[in-house]
Amino acid sequence: MPIISPISLSLLRHRRLPPATLLLRRLVSSALDELNPNPNRPHIDKNVQKMKESLKALSLSPSVPRHFESDPSRPLNSSHAVGLVSAAQANFMRVVVENPVDSGGTELLCVVRAVLKKIGRWVYVGDRVLVGSVDWKDRRGMIENVFERGSVVLDPPVANVDRLVVLFSMDWPKPEGFTMTRFLVEAESTGIPFSLVMNKSELVDEQVQDG
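- Per an unreviewed UniProt entry, the protein chain goes by the name EngC GTPase domain-containing protein and belongs to Acorus calamus.

What about helix H6 (residues 177–189)?
Here comes step 1: The terminal C-alpha atoms of H6, which comprises 13 residues, lie 18 Å apart, in line with the 18 Å expected from a rise of 1.5 Å per residue.
Here comes step 2: Just beyond H6, the residue with positive phi is Gly 191, at close to 80 degrees.

Section: the pairing of strand E3 (residues 105–112)
Here comes step 1: Looking at chain direction, strand E2 (residues 92–98) and E3 are connected through seven bridges and run antiparallel. Bridge pairing in E3 places Glu 98 opposite Gly 105.
Here comes step 2: Pairing of E3 with strand E5 (residues 140–146) involves four bridges; the strand directions are parallel. The partner of Leu 109 across the bridge, within E5, is Arg 140.

Focus on the environment of Trp 136
Here comes step 1: The residue Trp 136 is located in the loop between strand E4 (128–135) and E5 in this model.
Here comes step 2: Residue class for Trp 136 comes out partly exposed when judged on its relative accessible area of 22%.
Here comes step 3: For the pair Trp 136 and Ser 79, spaced 57 residues apart in sequence, the C-alpha to C-alpha distance is 8.6 Å.

Thoughts on the nonpolar core
Here comes step 1: Of all hydrophobic cores here, the largest spans 15 residues; its most connected members are Val 85, Met 93, Val 95, Val 123, Val 129, Val 131 and Ile 143.
Here comes step 2: Those elements that place two or more of their residues in this core are strand E1 (81–89), E2, E3, E4 and E5.
Here comes step 3: Among all residues touching Val 123, those that are not within four sequence positions of it are Val 85, Met 93, Val 112, Val 129, Ile 143, Val 146 and Arg 149.
Here comes step 4: Counting residues in each nonpolar core, the second largest holds eight residues, with Val 153, Leu 164, Val 166 and Met 180 among its members.

Calculation criteria
Residues numbered from 1 in each chain as written. Predicted model: local features only at pLDDT ≥ 70, side-chain atom pairs only at ≥ 80, totals over all residues. Heavy atoms only, no water. Helix = DSSP H or I, 4+ residues; strand = E, 2+ residues; numbered from the N terminus. Expected span 1.5 Å × (residues − 1). Pairing = 2+ DSSP bridges. Buried < 20%, exposed > 50% of the residue type's maximum accessible area, 1.4 Å probe, protein only. Core = buried A, V, L, I, M, F, W, Y, C linked by side-chain atoms within 4.5 Å. Contact = heavy atoms within 4.5 Å.

Printed below as a string of structure tokens:
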């Protein structure tokens, strides 16, 4: 029977294992951890951790300049502008802003800052927004913040609505009672003043118009 000395055991212990053996050892260790989880190790939800990182990033890099928060009357720098969202197209927003060079308004094609989507701060048509990283030559920018809304309609998503108009035709096509009722109930549920307008009155008799 061969005799193994302590020196031989030390050499075997510190000998570098081949990559396949190391990989097998890691797989076995991972499987054992799943079968026998450590109760003292706190469970971390990946979604919660991701949300904390997003909020931390937002707090470390504020989207609104400090001078704009403290005194809105002060002008913004050349890379920022305040505007109104006029249209939404896929992942882009069209924002009409005041151009510091020209007296008229300029429409910018903007993307929404990723951290706003992560924290659930959606951008709707009609929102008053702060646009940063403005490229006045190519007319592009990034929406960095959304100002407080006065009102919002979710279907279709529109913000800062002063009045709703429910429009139906008197003929071609003829109005359906169920559809009209549904739209009127939805309009009333928003709490925004609304009006019911009927067009194409020339296609029906005067008796129907008066009725």
